[in-house]
Amino acid sequence: MVLYHRNIQHYYSVRYVRLPDLLLDLQAARDNGTFSTVLKKYTKPIVLILDEWLLLKLTEAEL
């Protein structure tokens with residue numbers, strides 16, 4: 001994974017995030033009114049790598 005991640009960075013903008021951290025970050029942004037700003041942090045890179053995808057059951061609000 002690390003080698004792949006480093007190789008892809010040479011060609012594309014990349015963001016790596018654990019899904020639980022992404023969900024917490026987005027929920028906090030919703031709560032404090034900065035959702036669009038925080039969302040740009042995750043939508044700006046060409047490649048978004050989500051780790052730990054679906055290891056936990058998502059709540060209805062997280063879907």
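Every chain's residues receive numbers from 1 upward, in the order its sequence appears when written. Owing to the predicted nature of the model, reporting of local features is limited to residues with pLDDT of at least 70; listing and counting of side-chain atom pairs is limited to 80 or more, with chain, interface and lining totals taken over all residues. Hydrogens are left out, water is left out, and the side-chain values use all remaining heavy atoms of the structure.

Together, L48, L50, W53 and L54 make up a nonpolar patch on the protein surface, roughly 370 Å² of accessible area in all. What counts as a helix is a DSSP run of H or I of at least four residues, what counts as a strand is a run of E of at least two, and both are numbered from the N terminus. Mapped onto the elements, L54 comes out in the segment after β2 (47–51). To count toward a patch, a residue needs a relative accessible area above 30% and no salt bridge. Like charges then connect within 9 Å, nonpolar side chains (Val, Leu, Ile, Met, Phe, Trp, Tyr) within 5 Å. Using a 1.4 Å probe, the Shrake-Rupley method yields the accessible areas, and only the shown protein chains count as cover for residues. By salt bridge we mean one thing: a side-chain nitrogen of Lys or Arg within 4 Å of a carboxyl oxygen of Asp or Glu.

Between side chains of opposite charge, a pair can form as their charged atoms come close. On inspection of all chains with the given rule, the structure shows three salt bridges. The partner of D21 in a salt bridge is R18, with the nearest N and O atoms 2.9 Å apart. Given a relative accessible area of 34%, D21 falls into the partly exposed group. Each of R18, D21 and E52 takes part in one network of salt bridges that share partners. Relative accessible area decides the class of each residue, using a 1.4 Å probe on protein chains only: under 20% of the type maximum gives buried, over 50% gives exposed, and in between gives partly exposed.

With that out of the way, let us pick up the confidence of the model for the protein chain. The share of residues in the protein chain with pLDDT of 70 or more is 86%, and the mean pLDDT across the chain is 85. pLDDT gives the predictor's per-residue confidence on a scale running from 0 to 100. At the level of individual helices and strands, the protein chain shows its lowest average pLDDT in helix α1 (residues 2–9), which scores 63, and its highest in helix α3 (residues 35–43), which scores 96.

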